[in-house]
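# Summary of structural features
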There are 2 protein chains.
Amino acid sequence: MALRGNLVVGQSGGPTAVINNSLVGIIHEAMQHAEIDGIYGMMHGITGIINEQLIDLRRESAATLEGLRNTPASALGTIRYKVSEKDYERIVEVLSAYNIRTFCYIGGNDSADTTHKVAQAAERAGYELCAIAVPKTVDNDLAVTDHCPGYGSAARFVATAIRATGFDTRSMGESGPIKLMEIMGRNAGWLAASAVLAREEPDDPPHLIYVPERRVSISQIVADVKACLDRHGYCVAALSEGLVDENGDPLGAAGREEVKDAFGHVRKGGVVETIEAAIQSDLKMTARYDKPNYLQRSMAELMSPVDREEAYEVGRAAVRAAVAGQNDVMITLVREPGPEYRCGTGIAPLHQVANVEHMLPPEYTNDAGNGVTAAFVEYARPLIGGPLAPYARLALHPVPKRQA
Amino acid sequence: MALRGNLVVGQSGGPTAVINNSLVGIIHEAMQHAEIDGIYGMMHGITGIINEQLIDLRRESAATLEGLRNTPASALGTIRYKVSEKDYERIVEVLSAYNIRTFCYIGGNDSADTTHKVAQAAERAGYELCAIAVPKTVDNDLAVTDHCPGYGSAARFVATAIRATGFDTRSMGESGPIKLMEIMGRNAGWLAASAVLAREEPDDPPHLIYVPERRVSISQIVADVKACLDRHGYCVAALSEGLVDENGDPLGAAGREEVKDAFGHVRKGGVVETIEAAIQSDLKMTARYDKPNYLQRSMAELMSPVDREEAYEVGRAAVRAAVAGQNDVMITLVREPGPEYRCGTGIAPLHQVANVEHMLPPEYTNDAGNGVTAAFVEYARPLIGGPLAPYARLALHPVPKRQA
């Protein structure tokens, strides 16, 4: 059983459309447990502990908490910060000074690693603590969990965006038949793959999907675009920002500039500009592109209702795990077998999750490396929370020609 | 009074989220008038006449038409095509062969010009025709009309996107405090200006708005960003794709490449990359950016309900004008005086509209050239159709420090 004491929660890494649902789930659940006194928030993730910038979440109104469930980004602020060994000592000192016994950290791989190390530092110091990681990432690249809260909403945005820009592109006819969309995903193609969920009829966009798990040359993409134009008269392609070429090098020009974040991750980008230039050069055609970038993770108006609920439930499960005495674990989503989609929560030791990247498995991409399989659609479809809002299409009955 | 005969409708230029509402408005109204026999659609705008690719819109189901009211892009297909003098003779031949007496063309400046010339060509040929232009453009740059159908929905998208990415940027703190968004608008800043509608509290994003009507140097933008960071700790800027520098040259790199469309308009772009590089160089900071591009005009999920209705009504008004014998005119939106927003339709001669660009007037931009005025907000606010979906913010009550 958990010690009586205070709880702290933080948000880390890139925000999502539903990350505040996990925060609110934690607060709501914590309020149900007599063992938990103060419910504190750390400002800007772990730096809020290090700098003692804590806020009192019990003083927030019920209406604010409910409103946060439809509010994107990290309400507590977030951070990308590589915690040093010295920082971990400081963190345990602060936790101890505030009698914090439950540490909930909402984030991705790096945040799971931070939580793992906080647990280890507390153990070394002989400080009793329940450190629980709460999964979050639009990249969907965490191990063990079936999927990650945040992914379903980003996937719904991507599918909605591809369908909208696809209708636009088709209607342009010969005035603009090529559309590229660059989609988030540092190394994993889960989000780019989700573009397939825009497809309602077999010939619908996206016609081509490229993911980092499948190396591809620029010339192959251009050849695929050409073949698609010949077949459909237009071409809509979804390309991951993290694409790598046949040599394993970043395909996008911006990737080559090696802009790195605090964790040494290269900031990717420039894929669509690279392909646009190749199409201009090889096909003598203009390609248009969309780079929705941060809108993929922040446009709460298009959040998946399934994702929203799951993000809330992993927050609640984290507090229940802590109250049950769990430590050094991450909450997972566990899909139940059966024809209907159901998902519960589980628990995984953090050493199985921290710094592990879960990539799109081979059975989810097609042989040509330019699309995804029915198995992927089956996996991903339930996560976006129901069909997209219906679009209509004219039947287009021709008027008999009068040979003017 | 109009002659008894057939009606044809086409869509031209860039699609919008609500352009199909004008199409459906035309069909619904045409069905009410005994003078109108066939209701035809031209495929891909005027080329559908030239190539005799007409479809029978009376055979579309009521459900399809209703569904089109929530479907973006041009359901009949669209085109960017500069009509030649010889084409106009051909067009009148085809109109005559199909006994088309009402010609409705939904589009922007170039389409108004095409409609004007069709009217003139018919007159030269002694062919009785009612040629009516129906306004459409996300750029909002048509003369005479108070605003253009399509603009309100694009503005709602832009405001929603700036608010979402603004919340995201604020939450990133020092890990990513600069966000630029590139916004459509070839020469007119109406759409970039609409970013202001994201602002709910005085210090909210967008902190800076740049429009093509106000020349600005790269160094001035960088200085503005720096001042904004010093004041707010983060900076969200909305930049028109059509920005021009202090010499009147395109500010974006891609603009300098002079990619031109069939009308000789330079395709703009590259503004945010240019400013990103300048920030990197001068401030030694990384700027992030979003380029939602074609999503601004196609994401029907975020359409303005006001815009949706007005697009429908200008379609209906076009048919009524034709039935009343009007020719060589464009339907306009006429804002009624008074504290509450009301808008009716009017009629303007096409020579007043064709090829005229209506720019953001000086009283709508601030003295510094990096923002818009309250007068603009008053003008634009009603067009997006009510407030954005509410986002919540934590009150952030600090926990007293315990000096760990």
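The structure presented is a predicted model; accordingly, all values stated were derived computationally and were not measured.

A separate point is the overall build of chain A. When you go through chain A residue by residue, the secondary structure sums to 13 helices and eleven strands. For a compact globule of 404 residues, the expected C-alpha radius of gyration is about 22 Å, and chain A comes in at 23 Å, within 12% of that figure. A total of 404 residues make up chain A; the buried ones form 60% of that total.

The next point concerns the interface of chain A and chain B. How big an interface is tends to be stated in terms of accessible area lost as the parts join. Chain A puts 66 residues into the contact, and the matching count from chain B is 66 residues. Looking at the side of chain A that touches chain B, the elements with two or more residues in it are strand 3 (54-56), helix 3 (62-68), helix 4 (85-97), helix 6 (151-172), strand 9 (288-290) and helix 11 (295-298) of chain A. Broken down by element, the side of chain A that touches chain B gets its largest block of residues, eight residues, from helix 6 of chain A.

What follows deals with the sheet that holds strand 7 (residues 208-210) of chain B. Picture the strands of a sheet paired through backbone hydrogen bonds; they go either parallel or antiparallel. Residues and elements named next belong to chain B. Taken together, four strands build an open sheet; the order of strands is 7-8-6-9 and the sheet is parallel. Of all the strands in the sheet, the pair left with one neighbour each is strand 7 and strand 9 (288-290). Put simply, the sheet's adjacent strands are angled 20 degrees from each other on average, direction ignored. Pairing of strand 6 (residues 178-183) with strand 8 (residues 235-240), which is carried by six bridges, proceeds in the parallel orientation. Bridge pairing links Glu182 to Leu239 in strand 8. On the sheet, helix 8 (residues 218-232) packs against strand 6, strand 7 and strand 8 and is oriented at approximately 150 degrees with respect to strand 8. Packed on one face of the sheet, helix 10 (residues 271-283) meets strand 6, strand 8 and strand 9 and runs near 155 degrees to strand 6.

This next bit is on the packing of helix 8 (residues 218-232) of chain A against helix 10 (residues 271-283) of chain A. All names here are of chain A. Where helix 8 meets helix 10, the axes come as close as 10 Å, and the angle between the chain directions of the two elements is 65 degrees. As far as their axial angle goes, helix 10 and helix 8 are roughly perpendicular. In the crossing of helix 8 with helix 10, the sense of the turn from one axis to the other is right-handed. Contact with helix 8, carried on its side by Ile218, Ile221, Val222, Val225 and Lys226, involves Thr274, Ile275, Ala278, Ile279, Asp282 and Leu283 of helix 10 and no other residues of that element. Across the contact of helix 8 with helix 10, the residue classes tally to eight nonpolar, one polar and two charged.

Of the transformation superimposing chain A on chain B, the axial component is 0.0 Å and the angular component is 180 degrees, with the fit at an RMSD of 0.0 Å. Accordingly, the operation relating the two chain copies is best matched by a two-fold axis. Of the residues that chain A buries at the interface, 100% are likewise interface residues in chain B, meaning the two copies contact each other through the same surface.

On to the sheet that holds strand 8 (residues 235-240) of chain A, then. All names here are of chain A. Spatially, the four strands line up as an open sheet ordered 7-8-6-9, and their pairing is parallel. Every interior strand has two partners, whereas the edge strands, strand 7 (208-210) and strand 9, have only one. Strand-to-strand twist in this sheet, taken as the mean axis angle between neighbours without regard to direction, amounts to 20 degrees. Contacting strand 6 (178-183), strand 8 and strand 9, helix 6 runs over the sheet at an angle of about 165 degrees to strand 6. The sheet contacts of helix 8 involve strand 6, strand 7 and strand 8, and relative to strand 8 the element is tilted by about 150 degrees.

All names here are of chain A. Domain annotation for chain A reports domain 1 (5-149 + 301-352) and domain 2 (156-299 + 359-384). Each of domain 1 and domain 2 was reduced to a C-alpha centroid, and the two centroids are 32 Å apart. Taken together, the contact pairs 22 residues of domain 1 with 20 residues of domain 2. For the side of domain 1 that touches domain 2, the per-class residue count stands at ten nonpolar, five polar and seven charged.

Reading the values: the criteria
- Residues numbered from 1 in each chain as written.
- Chains lettered and ligands numbered in written order.
- Predicted model: local features only at pLDDT ≥ 70, side-chain atom pairs only at ≥ 80, totals over all residues.
- Helix = DSSP H or I, 4+ residues; strand = E, 2+ residues; numbered from the N terminus.
- Rg over C-alpha atoms; globule rule 2.2 N^0.38 Å.
- Buried ≥ 20, exposed ≤ 12 C-beta atoms within 10 Å, placed from the backbone.
- Contact = placed C-beta atoms within 7 Å.
- Pairing = 2+ DSSP bridges.
- Axes fitted to C-alpha atoms, helices over the stretch in contact; angles between N-to-C directions.
- Parallel < 35°, antiparallel > 145°, perpendicular 65-115°, else oblique.
- Left-handed = near helix turned anticlockwise from the far one by under 90°.
- Nonpolar A, V, L, I, M, F, W, Y, C, P; charged D, E, K, R; others polar.
- Least-squares fit on C-alpha atoms with pLDDT ≥ 70 in both.
- Domains from an automatic or database assignment.

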